[in-house]
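One-letter residues, chain by chain:
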Amino acid sequence: MNLGVRQRADWIPLALTAAVALAALALIGNPSTWVTLTVAGLAMGLLIFIMSSGLTLVFGLMDVMNFAHGLFIAIGAYVAASTIKVFSAAAGADSFLANLGAVLPAMLAAVVVAGLLGLFFERVIIRPVYGQHLKQILITTGGMIVAEQLIHVFWGPDLLPLPRPSTLRGSFLIGDMAIEKYRLIAVVIGLAVFAGMLLLLNRTKIGLLIRAGVENKEMVEAMGYRIRRLFVGVFVAGSALAGLGGALWGMYQESVTVHIGASMMVLIFIVIIIGGLGSVGGCFAGAVLVGLVANYVGYLSPKIALGSNILLMVLILLWRPQGLYPVSRQ
Amino acid sequence: MIHSVLSGDFPRSRVLSVALAAIFIALALAPFLFPGTRPLDVAAKVCVFILLVASYDLLLGYTGIVSFAHTMFFGIGGYGIAIALSRMEVGWSAIALGTAAAVLLSLALSFLIGLFSLRVKAIFFAMITLAVASFFAILASQLSNVTGGEDGITFKVPEILRPAWRLLEDPLLGVTVGGRFITYYLVFGTSLALFLALLRVVNSPFGRVLQAIRENDFRAEALGYRTVVYRTIASCLGAVVATLAGVLYSLWLRYTGPNTTLDFGIMIDILLMVVIGGMGTMYGAVIGATIFVVAQNYLQEAMKAFSDAMKGVPLLPDLFHPDRWLLWLGVLFVLSVYYFPHGIVGQLRARLKKASTK
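Novice: Before we move on, could you go through the overall build of chain A and cite the residues and values that matter?
Specialist: For chain A, the count of helices and strands is 13 helices and four strands. A compact globule built from 330 residues would reach a C-alpha radius of gyration of about 20 Å, and chain A, at 20 Å, matches this within 12%. Principal axes of the C-alpha set define a box for chain A whose edges measure 60 × 50 × 35 Å. Per-residue burial for chain A yields a buried fraction of 50% across its 330 residues. Sequence separation of at least 24 residues holds for 78% of the intrachain contacts in chain A that already meet a minimum separation of 6.

Here it is, written out as C-alpha cells:
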C-alpha cells in the first residue's frame with residue numbers, strides 16, 4: 001500500500017517533515033516568524049500538491065508522463081482571470097460573501113475548462129502514443145508549444161492582472177503573529193482536496209480500482225474492468241485539479257503570464273520524484289516538504305534558496321532512490 | 001575520399017544530396033554569396049545550430065534519451081569563454097582556458113546527472129535534466145557578479161577577430177577580409193569538423209551499440225553491453241560538443257547572456273529542429289537547423305505580409321501574427337512526431353526506397 005493510510009503506514013517521511021519544521025524553529029528562534037513561514041510553506045506545498053496529484057496518478061496508472069501538464073495550470077489561471085473580470089463588481093465589493101461570489105465562479109470555470117481541455121488533450125495528443133515514452137515526451141512538449149502560442153492568440157502576449165478580492169487580502173494578527181488570509185484559505189482548500197482524494201481512493205469502488213490499476217494493470221483488466229476508461233477519468237480529474245491549482249496560484253501572485261505553467265512544472269517534477277512516481281501520499285508529503293523547505297531556506301539564507309529544492313531531491317533520492325513512498329509494481 | 005569523410009554514411013536520396021550540397025556551398029561561401037551583416041549572422045547561427053542539433057541528435061535520435069539540459073551545456077560553453085575573456089588578458093590563452101574549463105565542467109555535470117538518473121527510465125532522466133537546467137538558468141541570472149545576471153557579459157575578442165581588423169588592404173572579390181571574415185571561417189570550420197566527427201561516432205561500432213540500446217535496451221544489456229555506461233558516455237559526448245558550440249556562438253556574438261544560451265525557448269528550438277529535420281539521421285540536423293534559423297529570420301516577414309492582407313477577417317490576423325511563427329512550427333512538430341518520425345530526411349529516403357522497389 002502506497003498511500004500511507006491503514007495497514008503498516010510508513011510514518012518516517014511525515015516524521016521527517018515534522019523534524020524539518022522543528023529544526024527550522026530552532027534555527028529561526030523567533031516563534032512568530034516561524035508560524036508565518038510555516039503557514040506560507042504549507043500553503044505553497046498544498047497548492048503544489050493540488051497541481052501535481054493528477055500528474056503522478058496518471059503516471060502510476062498508465063505509465064504516461066505529460067510534459068504539458070503546466071498547460072492546464074496556465075489555462076486555469078487565465079480562465080480565472082477572465083471570469084473575475086466578468087464578476088468585477090462582486091470582486092470589488094467589501095463583503096466576504098460577495099467576494100466569494102466572484103472567486104467561486106472563477107475557480108469553477110477554471111476547473112471545468114481545464115477538465116474539458118484535458119479530455120480533448122488525452123484523446124488527440126496522448127492516446128496515439130500510449131506505451132512509448134520517448135514519443136510521449138516529444139508530443140506533449142509539442143502540444144505545450146502549440147497551446148502556449150494559442151493562449152497568446154486568445155489572451156494576448158502581455159501580463160494579465162488577476163486581482164485578489166479585497167477581503168482576501170491582508171493578514172490575521174494573532175498576538176505578534178501575522179498570517180496572511182489567502183494562505184490560510186489555500187491551506188484549507190488544499191487539505192480539503194487531499195481529504196477528498198483519500199476518501200475517494202480508499203472508500204469507494206472507483207478508488208479501489210485506481211489503486212489496483214496502479215499496482216497491476218493487467219490483473220484489473222483481466223477482472224473485466226476497462227482500465228482505459230478509468231484512466232481517461234483520472235486524466236480529466238487531474239487536469240481539472242491542475243486548473244484549480246493554477247487559478248489559486250494566479251490569485252496568489254495576482255498576475256498571470258503564459259510561463260506560469262512551465263515554471264511550476266519544475267517544482268511539480270521535483271515533488272513527484274521526491275514522493276515516488278505514481279504515489280498520491282508521497283506526492284502530498286513531497287509537496288509539503290518542498291513548500292516548507294523553500295520558505296525556511298528562503299528566510300534563513302536566501303542565497304541557497306534557489307538550490308534548496310534540487311538539493312532536497314538529491315538527498316531524498318540518496319536515502320530512498322525510488323522516492324518517499326515507492327509504488328510497488330508487478 | 002568522400003566515403004571516408006562522410007564515414008560511409010551517405011545521404012541516400014538524390015534530393016537530400018542536392019539540398020545538403022547546396023547548404024554546404026551556401027555556408028562555405030556565405031561571405032561572398034550574401035554580403036551584409038545580417039545574412040552573415042544568419043549563416044553563422046546556422047553553422048552553430050547544426051552542430052548543436054547534431055550533438056542533441058546523438059542523444060535523442062541515436063541513443064533514445066531525452067535531455068532538457070542541452071542548453072545548459074551550450075550556456076556553460078558560452079559563459080566559460082565570456083568569463084575568461086572578460087576577466088583575463090584578452091588573447092588566445094584566455095580562450096583556451098575558458099574552453100577547457102567549460103568542457104571539464106560540462107563533462108563532470110553530465111557524468112553526474114548520467115550516473116544519477118540514466119539507470120532508470122527515460123522519463124526520469126528527462127525530468128531530472130529539466131529540473132537541473134532550470135536551476136542552472138536561475139543560478140546564472142542570480143550570480144550577477146560572475147555572470148552579469150540578466151544583462152549577460154559583453155567581452156572583447158583577440159585582435160584578429162575584431163571587426164575593425166584587416167587582413168588584406170583591398171577587398172577580395174568585393175568582400176572585406178577582416179576580423180568578421182576570419183571569425184566566420186573559424187566558426188564554419190570548427191562546426192564542420194565537429195559535425196564530421198559526430199558522423200564518424202554514430203557510424204562506429206560504438207554508435208551501433210547506441211542504436212541497439214535505442215531499439216531495445218533490454219536486449220542490448222542481455223548481449224553483454226553495459227547500457228548505463230554507453231548511455232553515460234553518449235550523454236557526456238553530447239554535452240562536450242554542445243559546450244563547444246556554445247563557445248563558437250558566443251565568440252561570434254562577442255556576448256553571452258541568459259537569452260542567447262540558457263533560455264528554455266532555445267531548448268524547444270533544438271527539439272523542433274531535430275524532430276522536423278529527422279531524428280537519428282545526423283543529416284536531419286543540417287536540414288532542420290537550416291530551415292528553422294532561416295524561418296526564424298525571414299518567415300516572420302512573410303507572415304506579417306499575410307497577416308496584414310487578412311485584416312478584417314476574425315482571428316486569422318492573430319493566428320498569423322509575426323510573433324506566432326512558433327505556433328506553426330509547433331504544429332509541424334506534432335505532425336512530424338505522429339506521421340514522419342524520421343522527419344524530412346526520413347521522408348526523402350523513404351521515397352527513394354519506394355521508387356527502387358517498384
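Having seen the structure, we can now continue with the description.
Novice: Go over the overall build of chain B with me, naming the residues and quoting the values.
Specialist: Scanning chain B for helices and strands turns up 18 helices and two strands. The C-alpha atoms of chain B give a radius of gyration of 21 Å, which matches the 21 Å a tight globule of 358 residues would have. Principal-axis analysis of the C-alpha atoms gives chain B an extent of 60 × 55 × 50 Å. In chain B, buried positions account for 47% of the 358 residues. Within chain B, residue pairs in contact and separated by at least 24 positions form 72% of the contacts whose partners lie at least 6 positions apart.

Novice: Give me helix H6 (residues 133–155) of chain A: which residues, what numbers.
Specialist: The terminal C-alpha atoms of H6 of chain A, which comprises 23 residues, lie 32 Å apart, in line with the 33 Å expected from a rise of 1.5 Å per residue. Looking at the residues trailing H6 of chain A, positive phi occurs at glycine 156 of chain A, about 85 degrees.

Novice: How would you sum up the interface of chain B and chain A? Please name residues and give values.
Specialist: Opposite the 31 residues of chain B that make contact, chain A presents 26 residues. Of all the elements in the fold, those that place two or more residues in the side of chain B that touches chain A are helix H7 (122–142), helix H14 (264–277), helix H16 (316–319) and helix H17 (325–339) of chain B. Classifying every residue of the side of chain B that touches chain A gives 23 nonpolar, four polar and four charged.

Novice: A description of the nonpolar core should follow, citing residues and the corresponding values.
Specialist: Membership of the largest hydrophobic core comes to 225 residues, with the highest contact counts inside it found for Ala77, Ala80 and Val290 of chain A together with Ile50 and Val53 of chain B. Per-element tally for this core: the top contributor is helix H2 (residues 31–62) of chain A, with 19 residues.

Novice: An account of the pairing of strand E2 (residues 171–174) of chain A is requested, with residue identities and associated values reported.
Specialist: All names here are of chain A. Summarising the sheet, E2 and strand E3 (residues 177–180) pair through four bridges and their orientation is antiparallel. Note on E3: the bridge partner recorded for isoleucine 174 is methionine 177. Here E2 folds back onto E3, and the loop between the two strands holds two residues, one of which, glycine 175, carries a positive phi near 60 degrees.

Novice: Quick rundown of the environment of isoleucine 210 of chain A? Include the residues and the values.
Specialist: All names here are of chain A. As for its position among the elements, isoleucine 210 is in helix H8 (residues 205–215). Residues isoleucine 210 and leucine 311, 101 residues apart in the sequence, show an inter-C-alpha distance of 32 Å. In this structure, isoleucine 210 is in contact with Leu61, Leu201, Leu230 and Val234, ignoring residues within four places of it in sequence.

Novice: Account for the confidence of the model for chain A, with residues named and values stated.
Specialist: In regions of low pLDDT, the predicted coordinates are not meant to be interpreted in detail. For chain A, mean pLDDT is 85; residues scoring 70 or higher make up 96% of the total. When the criterion is pLDDT under 50, residues 1–7 of chain A qualifies, and its contacts beyond four places in sequence or with other chains add up to 18 contacts.

Novice: Before we move on, could you go through H17 of chain B and cite the residues and values that matter?
Specialist: Its 15 residues give H17 of chain B an end-to-end C-alpha distance of 21 Å, which sits within 8% of 21 Å, the value for a rise of 1.5 Å per residue. For H17 of chain B, every residue scored as buried is listed here: Leu326, Leu327, Leu329, Gly330, Phe333, Val334, Ser336 and Val337 of chain B.

Novice: Describe the packing of helix H11 (residues 259–275) of chain A against H7 of chain B, with residues and values.
Specialist: The geometry of H11 of chain A relative to H7 of chain B is characterised by a closest axis approach of 9 Å and an angle of 130 degrees between their N-to-C directions. As summarised for this structure, H11 of chain A and H7 of chain B are arranged oblique, according to the angle between their axes. Our pair here, H11 of chain A against H7 of chain B, has a crossing hand that is left-handed. Contacts between H11 of chain A and H7 of chain B pair Val266, Phe269, Ile270 and Ile273 of chain A from the former with Met127, Leu130, Ala131 and Ser134 of chain B from the latter. The residue makeup of the contact of H11 of chain A with H7 of chain B, split by class, is seven nonpolar, one polar and no charged.

Cut-offs applied
- Residues numbered from 1 in each chain as written.
- Chains lettered and ligands numbered in written order.
- Predicted model: local features only at pLDDT ≥ 70, side-chain atom pairs only at ≥ 80, totals over all residues.
- Helix = DSSP H or I, 4+ residues; strand = E, 2+ residues; numbered from the N terminus.
- Rg over C-alpha atoms; globule rule 2.2 N^0.38 Å.
- Buried ≥ 20, exposed ≤ 12 C-beta atoms within 10 Å, placed from the backbone.
- Contact = placed C-beta atoms within 7 Å.
- Expected span 1.5 Å × (residues − 1).
- Nonpolar A, V, L, I, M, F, W, Y, C, P; charged D, E, K, R; others polar.
- Core = buried A, V, L, I, M, F, W, Y, C linked by C-beta atoms within 7 Å.
- Pairing = 2+ DSSP bridges.
- pLDDT = per-residue confidence, 0-100.
- Axes fitted to C-alpha atoms, helices over the stretch in contact; angles between N-to-C directions.
- Parallel < 35°, antiparallel > 145°, perpendicular 65-115°, else oblique.
- Left-handed = near helix turned anticlockwise from the far one by under 90°.

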